[in-house]
Amino acid sequence: MICRYDDAVSLFKFFFEKHNIVPNVVSYNNLINAHCDEGKVDSGLEIYRRIIETALFSPSSVTYRHLTKGLIAAGRIEDAVALLREMLAKGHGADSLVYNNVIKGFLELGNLEKANEFFDELKERCLVYDGVINATFMDWWFKQGKDKEAMGSYKSWQDKNFKVVPATCNTILEVLVRYGKKEAACALFEHMLDNHTPPTQQAVSSDTFNIMVNECFKEAGFEEAIHTFKKAGTKSGSKPFQMDVAGYNNIIARFCENGMMEHAEEFFAALLAKCLTPDVVTFRTLIDAYLKREEIDDVLRTLNKMADAGLRVVASFGTRVFGELIKNGKEVESAEILTKMGNKDPKPDSSIYDVVVRGLCSAGELDASKDMLDQMIKYGVGIPLALKEFLIEVFGNAGRASEIKSVLDESKWINISRPAYARQPRSQHETAQMASGQPLGPSPMMGRSVSSEPQIARPQSFGVHPMSRQTELGSPQMTGQLSLGSHNKQQPSEFLNMDQQHPLRPYQGSGYPIEALNVILL
């Protein structure tokens, strides 16, 4: 995972400052989180003050979650408490995850009394609170070697019998598993399965299964892992969980890690049989495992399937895989797969073409290498200077210098005469702007429209993420937020204390992809 904080800030400036698109609270929150994750909490606070002073909407509870977490990470817990008080003074609800940040901060300082004080305050303000707080206390007690107190906190949460989303139970399940409370974890897992009665209640998610499956693999219980993966509730009215791609990805990855490729392929086939679509993670997991085992034919077969699916191969992964294929004498096959990828959008990176073209030249396949060069020109893929010099030298040594220079000269003419991809206008207003030569962006006559905070679909996860992801950044209450530098699992809230925000909808007439700000993890 690469956390590109500078790019997040640059994208915000590009869209919302340079092109005057109106940001909504989601965009502001992503910017704040980028600053906080980078340790620049004061910059995040500046953005928060800007929202208050200039925006026609209020900060959301997620804004306060990011800022309190950042302040506590910077050792400024008193400032975090002051911000919590400010949140309440501005009429926001007592958000459980903001309280959890403060409680965890005091626990890490060894101040149990103060942590309990804030927990009691939250319970006075909310009829229902997020069970993630109990997970925080449980984790702290377990670290102190006080299992009795930890399980006491767990029992107090169980006794309340809150109806909660899977993410909350998953957080507690992770703590139980981490500290070896297998019996309690299995009982909670069974309870969640029994309560899974969609569409009335979604009680489990693929993360729930991933936690338990991974625990089986840790104990080398491979058959038990398969049984757990397929497990369903036994209570009347409960229904089996319809496993998603993220769950299949996880168990495939575990089998790959253990060198059990036959089982990995079986679950890959099962995924296809369920009419699910494998994603980039699925194929990368299998390809990496085959590379590790030096099973080149299987690498070629799987990469070919990935190309058929039209999935993007990023530069770092593509150069590595094609490099290995060429190293093992698969130059022609690599060119065929890359041609297939080039026929779809987005086009492969020039560095991938570079690897394949050089491999073909080294194998004496000059005609094939020239064909790949023609593709680069046709698709508007930039030809690196080093590759040009390499080709001139290789073709010159073969007595074909004029031939390659002619092709390269043609590429200069094409690249100057037209852009590789001409973006089409997405609205009548934008068409008029383009015709008049005005810069693309919102019309000065356009007003601001009001909307609720958009909800972003939860990304498919790969593997099980540590508990800190949910207790610090994620939330079963959080909607419409993807935290930068982390993998959050967000689901709709059922808690009574959740704020209802109504921020402005950004102008949608421009062709600039606002969603690019919401996901910056590559």
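All of these numbers come straight from a predicted model, not from anything done at the bench. (Residues numbered from 1 in each chain as written. Predicted model: local features only at pLDDT ≥ 70, side-chain atom pairs only at ≥ 80, totals over all residues. Heavy atoms only, no water.)

Regarding the packing of helix α12 (residues 206-218) against helix α14 (residues 245-257)
Axis separation between α12 and α14 bottoms out at 9 Å; the angle between their running directions is 10 degrees. Between α12 and α14, the angle is such that the two are roughly parallel. Viewed along their axes, α12 and α14 form a crossing whose handedness is right-handed. Residue-level contacts link Ser206, Asn210, Val213, Asn214 and Phe217 of α12 to Ala246, Gly247, Asn250, Ile251, Arg254 and Phe255 of α14. When grouped by side-chain class, the residues that make up the contact of α12 with α14 number 5 nonpolar, 5 polar and 1 charged. (Axes fitted to C-alpha atoms, helices over the stretch in contact; angles between N-to-C directions. Helix = DSSP H or I, 4+ residues; strand = E, 2+ residues; numbered from the N terminus. Parallel < 35°, antiparallel > 145°, perpendicular 65-115°, else oblique. Left-handed = near helix turned anticlockwise from the far one by under 90°. Contact = heavy atoms within 4.5 Å. Nonpolar A, V, L, I, M, F, W, Y, C, P; charged D, E, K, R; others polar.)

Thoughts on the nonpolar core
Membership of the largest hydrophobic core comes to 130 residues, with the highest contact counts inside it found for Leu303, Phe322 and Leu391. In contact with Phe322, other than residues within four places in its own chain, are Leu303, Ser334, Ile337, Leu338, Met341, Ile352, Val355 and Val356. (Core = buried A, V, L, I, M, F, W, Y, C linked by side-chain atoms within 4.5 Å. Buried < 20%, exposed > 50% of the residue type's maximum accessible area, 1.4 Å probe, protein only.)

Side note on the pattern of salt bridges
If you walk through the whole model with that rule in mind, you get 31 salt bridges. A salt bridge links Asp147 to Lys181; its shortest N-O distance comes to 2.9 Å. Here Asp147, found in helix α9 (residues 147-160), pairs with Lys181, found in the loop between α10 (166-178) and α11 (182-194); they are 34 residues apart in sequence, far enough to count as distant. Taking the relative accessible area as the measure of exposure, Asp147 reaches 31% and is therefore partly exposed. Assessed through its relative accessible area of 23%, Lys181 is described here as partly exposed. Measuring nitrogen to oxygen at the nearest pair gives 3.0 Å for the salt bridge that ties Glu219 to Lys182. (Salt bridge = Lys/Arg side-chain N within 4 Å of Asp/Glu carboxyl O.)

Looking at the confidence of the model for the protein chain
Atom-level detail of predicted coordinates should not be read off regions where pLDDT is low. For the protein chain, per-residue confidence averages 82 on the pLDDT scale, and residues scoring 70 or more make up 75% of the total. Scored below 50 in pLDDT, residues 415-522 makes 289 contacts in the model with residues more than four places away or belonging to other chains. (pLDDT = per-residue confidence, 0-100.)

Quick notes on the environment of Leu45
Topologically, Leu45 is positioned in helix α3 (residues 41-54). Judged by relative accessible area, Leu45 falls into the buried class, the value being 15%. Ignoring anything within four residues of it in the chain, the contact list for Leu45 reads Leu67, Leu71 and Arg76.

With respect to the packing of aromatic side chains
Taken as a whole, this structure holds 18 aromatic pairs when the rule is applied. Between Tyr129 and Phe162, the ring centres sit 5.3 Å apart and the planes meet at 85 degrees, which makes this aromatic pair edge-to-face. Of this pair, Tyr129 sits in the loop between α7 (112-125) and α8 (132-143) while Phe162 sits in the loop between α9 and α10, and the two are 33 residues apart along the sequence. Using a relative accessible area of 2% as the deciding quantity, one classes Tyr129 as buried. On the accessibility criterion, Phe162 (18% relative accessible area) is buried. Each ring, one from Phe255 and one from Phe267, has its centre 5.7 Å from the other, and the planes form 25 degrees; the classification is stacked. Here Phe255 is found in helix α14, whereas its partner Phe267 is found in helix α15 (residues 261-273), with 12 residues between them in sequence. (Phe/Tyr/Trp six-rings, centres within 6.5 Å; stacked < 30°, edge-to-face > 60°.)

What to know about unusual backbone geometry
In this model, Pro198 is joined to Pro199 through a cis peptide bond whose omega is 5 degrees. The step from Asp345 to Pro346 runs through a cis peptide bond, and the omega angle for that step is -5 degrees. Counting through the fold element by element, Pro346 comes out in the loop between α19 (331-342) and α20 (350-362). One non-glycine residue, Ala220, lies in the positive phi region at around 60 degrees.

Thoughts on the packing of α8 against α10
Relative orientation of the contacting elements α8 and α10 amounts to 10 degrees, with a least axis distance of 8 Å. Classified by the interaxial angle, the pair formed by α8 and α10 is roughly parallel. Across the interface between the two elements, Val132, Ala135, Met138, Asp139 and Phe142 of α8 pack against Thr168, Thr171, Ile172, Val175, Leu176 and Arg178 of α10. Grouping the constituent residues of the contact of α8 with α10 by class yields 7 nonpolar, 2 polar and 2 charged.

Regarding the side chain of Thr63
Inspection of the secondary structure assignment puts Thr63 in helix α4 (residues 61-73). Thr63 gets classed as buried once you look at its relative accessible area, which sits at 0%. Non-local contacts of Thr63, meaning those with residues more than four positions away in its chain, are made with Val25, Asn29, Ile32 and Tyr48.

Notes on helix α6 (residues 96-108)
Spanning 13 residues, α6 covers 18 Å between terminal C-alpha atoms, matching the ideal 18 Å at 1.5 Å per step. Counting buried positions along α6 gives 12 out of 13 residues, so the element sits mostly inside the fold. Where α6 is concerned, the buried positions are Ser96, Leu97, Val98, Tyr99, Asn100, Asn101, Val102, Ile103, Lys104, Gly105, Phe106 and Leu107. At the N-terminal boundary of α6, the capping side chain belongs to Asp95, with an oxygen 3.1 Å from the backbone nitrogen of Leu97. In the segment just after α6, Gly110 is the residue with positive phi, at about 80 degrees. (Expected span 1.5 Å × (residues − 1). Polar contact = N/O pair within 3.5 Å; in protein donor to acceptor, adjacent residues only side chain to side chain.)

Quick notes on the environment of Thr228
Structurally, Thr228 is set in helix α13 (residues 222-229). Residue classification places Thr228 among the buried residues on the basis of a relative accessible area of 7%. Taking the C-alpha atoms as reference points, Thr228 and Asn214, separated by 14 residues in sequence, lie 10.0 Å from one another. Once residues within four sequence positions are removed from consideration, Thr228 is found in contact with Phe189, Phe209, Met212, Val213 and Cys216.

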